[in-house]
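One-letter residues, chain by chain:
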Amino acid sequence: GLLALWCLCRPAAPLSTPTTTTEQLRAAHRSERLNLLNHPLQIQLATGALPYGSFVRLCHDRSTILDAVRSAAAAAGADVLADEVSNDETKAWLDAAEAAGKTISTGDPSIKCYACGGDHLNVDCPDDLTVTGPARAVAAVLRSYSGAEAAAGVLAACEYGWACATLLEAGFGETPYAGWLTSHAESLAEASAAVAPLVDAADRDAVDASYVAALSALFNFVDSEASTAG
């Protein structure tokens with residue numbers, strides 16, 4: 001509700017005809033980008049309501065996705081995210097969330113994880129964390145392209161940075177997950193800017209399919225984690 005109100009009150013940008021391929025792709029698929037921005041998982045990250053187990057899975061999956069983003073960008077002729085995937089950075093986010101009171105513990109001794117016996121849900125067990133199928137699917141889509149199509153796939157994956165940046169701009173920075181939002185807003189904006197000229201050098205029809213496929217895979221990943229987290 002707060003995000004919708006902010007969007008309504010925000011001054012409208014002047015209308016202009018998209019000229020570059022990047023602008024055309026974003027204009028044509030604006031609804032998909034808005035779905036990503038307004039997704040419940042994003043709102044939970046922005047408000048701090050996301051269960052900690054879900055955040056742990058996101059942190060675990062991100063390196064697989066970002067490795068694929070970097071690989072696809074290289075296939076297109078761009079160098080992005082050189083220092084982005086950092087275990088230390090991820091640990092700092094997790095520590096900050098725990099310090100804010102986030103935990104996988106249910107506080108109910110009658111709940112026993114099948115894998116380790118802890119008082120958390122089975123899906124949250126730290127002994128059974130593997131890269132999720134939807135995260136691997138995003139990576140597979142990105143790695144399937146080369147040239148301008150790969151650049152368009154990277155551009156689509158980096159729209160997640162726009163979603164994070166928009167939430168921060170709307171004032172959702174006071175959250176245990178602020179590190180996640182800030183890092184992706186900044187690093188993915190840089191990656192997007194690096195591949196945009198490569199996308200713009202191609203005709204929109206030549207790269208539309210790869211942009212849509214990557215954006216759809218990314219949304220499916222976010223949607224899957226939201227379903228898991230409840």
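The coordinates are above.
Residue indices follow the written sequence of each chain, beginning from 1 at its first position. Only residues with pLDDT of at least 70 are given local features in this predicted model, and only at 80 or more are side-chain atom pairs given and counted; all residues enter the totals for whole chains, interfaces and linings. Side-chain metrics in this entry use all non-hydrogen atoms of the structure; hydrogen atoms and water are not considered.

Engineer: What's the story with the overall build of the protein in this structure? I'm lost.
Structural biologist: Elements are defined by DSSP. Helices are runs of H or I of four residues or more, strands are runs of E of two residues or more, and each kind is numbered from the N terminus. From N to C terminus, the protein includes eleven helices and zero strands. From first element to last, N terminus to C terminus, the protein shows the α and β order α-α-α-α-α-α-α-α-α-α-α. Relative to its length of 230 residues, the protein is compact, with a C-alpha radius of gyration of 18 Å against a globular reference of 17 Å. Oriented by its inertia axes, the alpha-carbon framework of the protein measures out at about 60 × 40 × 25 Å. For each residue, the accessible area found with a 1.4 Å probe, counting protein chains only, is set against the maximum for its type, and the residue is called buried under 20%, exposed over 50%, and partly exposed in between. Evaluated residue by residue, the protein yields a buried proportion of 43% over its 230 residues. The criterion used for residue contact is that any of the two residues' heavy atoms lie within 4.5 Å. Residue pairs in contact within the protein that sit at least 24 positions apart in sequence constitute 78% of those at least 6 positions apart. Of the roughly 10900 Å² of accessible surface on the protein, a fraction of 54% belongs to carbon and sulfur atoms. All tallies of charge rest on Lys and Arg as positive and Asp and Glu as negative; His and the ends of each chain are not included. Lysine's charge is taken at NZ, arginine's at CZ, aspartate's at CG and glutamate's at CD. Positive and negative side-chain charges of the protein, numbering 13 and 28 respectively, have mean locations separated by a distance of 2 Å. A radius of gyration in this sense is built from C-alpha atoms; the matching globule rule multiplies 2.2 Å by the number of residues raised to 0.38. Calculation of accessible area relied on Shrake-Rupley with a 1.4 Å probe; when residues are assessed, cover is drawn exclusively from the protein chains displayed.

Engineer: What should I look at first to understand helix 3 (residues 30-37) in this one?
Structural biologist: An α-helical turn contains 3.6 residues, so any two residues separated by three or four positions project in the same direction. Among the residues making up helix 3, those that are buried are Arg33, Leu36 and Leu37. On an axial view of helix 3, the arc spanned by its buried residues comes to 100°, and they lie on one face. Each C-beta atom gives one direction from the helix axis, and the arc is the one those directions make.

Engineer: What is the right way to read the nonpolar core from this model?
Structural biologist: Side chains that are nonpolar tend, in soluble globular proteins, to be buried together. In this description, a nonpolar core means a group of buried Ala, Val, Leu, Ile, Met, Phe, Trp, Tyr and Cys residues linked to one another through side-chain atoms lying within 4.5 Å. Core analysis: the biggest nonpolar cluster contains 62 residues, and Leu45, Phe55, Val69 and Trp180 have the highest contact counts within it. Of all the elements, helix 5 (residues 52-76) adds the most residues to this core, at twelve residues. Apart from the residues within four sequence positions on either side, Trp180 is in contact with Leu45, Phe55, Leu58, Cys59, Arg62, Trp93 and Tyr160.

Engineer: In this structure, what is going on with the packing of aromatic side chains? I would like to understand it.
Structural biologist: The geometry of two aromatic rings is summed up by the distance between their centres and the angle between their planes. Only Phe, Tyr and Trp rings take part, Trp by its six-membered ring, and two of them pair if their centres are within 6.5 Å. Stacked means planes under 30 degrees apart, edge-to-face means over 60, and tilted covers everything else. One pass over the structure, following the stated rule, counts three aromatic pairs. Ring centres of Phe55 and Tyr177 lie 4.3 Å apart, and the angle between their planes is 40°; this geometry places the pair in the tilted category. In this pair, Phe55 sits in helix 5 while Tyr177 sits in the loop between helix 9 (159-169) and helix 10 (178-200), placing the two residues 122 residues apart along the sequence. Looking at Phe55, the relative accessible area reads 0%, which means it is buried. Relative accessible area serves as the criterion here: at 0%, Tyr177 is assigned to the buried category. Measuring from ring centre to ring centre gives 5.7 Å for Phe55 and Trp180, while their planes differ by 70°; the resulting arrangement is edge-to-face. With Phe55 in helix 5 and Trp180 in helix 10, this pair connects stretches of sequence that are 125 residues apart. The pair formed by Phe55 and Trp180 is uniform in burial state, with each residue classed as buried. Pairwise contacts between aromatic rings join Phe55, Trp93, Tyr177 and Trp180 into one cluster.

Engineer: I'm lost on the pattern of salt bridges in this one. Help?
Structural biologist: Oppositely charged side chains may form a pair once their charged atoms are brought near each other. Basic side-chain nitrogens of Lys or Arg form a salt bridge, by our definition, when they fall within 4 Å of a carboxyl oxygen of Asp or Glu. Using the criterion set out here, one finds six salt bridges in the structure. Residue Asp95 is joined to Lys91 by a salt bridge in which the shortest nitrogen-to-oxygen separation is 2.8 Å. Of the two residues, Asp95 and Lys91 both sit in helix 6 (residues 87-99), four residues apart, roughly one turn of that helix. Here Asp208 ties to Arg204 by a salt bridge, and the two come within 3.4 Å at their closest N and O atoms. Highlighted residues: Asp208 and Arg204, both in helix 11 (residues 204-229), separated by four residues, approximately one helical turn. We classify Asp208 as buried; its relative accessible area is 18%. A single salt-bridge network, built from bridges that share partners, covers Arg26, Arg33 and Glu159.

Engineer: Explain the side chain of Asp61 here, please?
Structural biologist: Tracing the backbone shows Asp61 in helix 5. Buried and unpaired, Asp61 has Arg57 as its nearest opposite-charge partner, separated by 6.7 Å. When neighbours within four sequence positions are excluded, Asp61 is seen to be in contact with Thr130, Val131, Thr132, Ala135 and Phe221.

Engineer: Honestly, the state of the cysteines in this entry has me stumped. Any pointers?
Structural biologist: Such a bond, covalent and formed between the sulfur atoms of two cysteines, is termed a disulfide. Criterion for a disulfide: a pair of cysteine sulfur atoms at a distance within 2.5 Å. The full count for this structure, using the stated rule, is zero disulfides. With no disulfide of its own, Cys59 lies 12 Å from the sulfur of Cys164, the closest cysteine sulfur. Judged by relative accessible area, which is 7%, Cys59 ranks as buried.

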